[in-house]
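# A structural walkthrough
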Amino acid sequence: MSQPNRAKPGPPAEPSFDVSHPLIAFDGVCVLCSGFVRMVVRLDRQSRFRFATAQSPLGEALFRKHGLRTDAYETNLVLVDGLAFTKLDSLVAVMSELGWPWRAAKVLLLLPRPLRDWLYIGIAGNRYALFGRKDSCDIPSAELRGRLIG
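First, a word on what this report is: a plain description of the structure on this page. Keep in mind that this is a model prediction, so the values were computed, not measured.

## Things to note about the pairing of strand E2 (residues 50–53)
- Alternating positions in E2 separate into two faces, Arg-50 and Ala-52 on one and Phe-51 and Thr-53 on the other, with burial throughout.
- Alignment of strand E1 (residues 23–26) against E2, held across four bridges, turns out to be parallel. Following the sheet pairing, Phe-26 is matched in E2 by Thr-53.
- After leaving E1, the chain enters helix H1 (residues 31–43) and then returns to the sheet as E2, a path that is right-handed.

## Re helix H3 (residues 87–97)
- H3 sits mainly inside the fold: eight of its eleven residues count as buried.
- Looking only at H3, the buried set comprises Leu-88, Asp-89, Ser-90, Val-92, Ala-93, Val-94, Met-95 and Ser-96.
- On its buried face, H3 sits against E1, H1, strand E3 (77–80), strand E4 (83–85) and helix H4 (113–124).

## So, the nonpolar core
- With 19 residues, the main nonpolar core has Ile-24, Val-40, Phe-49, Phe-51, Val-78 and Val-94 as its most contacted residues.
- Secondary-structure elements contributing two or more residues to this core are E1, H1, E3 and H3.
- Here this core takes six residues from H1, the largest share from any one element.
- Setting aside its immediate chain neighbours within four residues, Phe-49 contacts Pro-22, Leu-23, Ile-24, Val-40, Asp-44, Val-94, Glu-97, Leu-98 and Arg-147.
- Core analysis: the next-biggest nonpolar cluster, separate from the first, contains twelve residues, Leu-23, Leu-58, Leu-62 and Leu-77 among them.

Cut-offs and rules
- Residues numbered from 1 in each chain as written.
- Predicted model: local features only at pLDDT ≥ 70, side-chain atom pairs only at ≥ 80, totals over all residues.
- Heavy atoms only, no water.
- Buried < 20%, exposed > 50% of the residue type's maximum accessible area, 1.4 Å probe, protein only.
- Helix = DSSP H or I, 4+ residues; strand = E, 2+ residues; numbered from the N terminus.
- Pairing = 2+ DSSP bridges.
- Right-handed = clockwise from strand over helix to strand, strands pointing away.
- Contact = heavy atoms within 4.5 Å.
- Core = buried A, V, L, I, M, F, W, Y, C linked by side-chain atoms within 4.5 Å.

This is the structure in structure tokens:
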């Protein structure tokens, strides 16, 4: 089994947020990405996850810190227990934190990394065409608003 996609470490500037909670930095104008966040909010019964849009100052700082582009948000960035995950591995990291049966998504790690990356990039590269794009970030629900930190 290959190693998960972890974001490459970037400059040492450390954005501040409570690292005791897993964090998802996502493209706030992407319908698919926003839908994923709404699903996580529903499934996260312990309210552990925090969220930041990639377009926010915190999101941009985290993307830069982990060596990711800030001119096109082609992946979610997920931080869990001090580790950063991108591409399909970010989905697996989130689902693993949600417990059973979502933890079964770990089976995706059996796919070779090139295939995982190809699948993720194929969807991410066409997400606006397939699912749509908003002109601005949604007004979050009250539950999400309390967990949105960026």
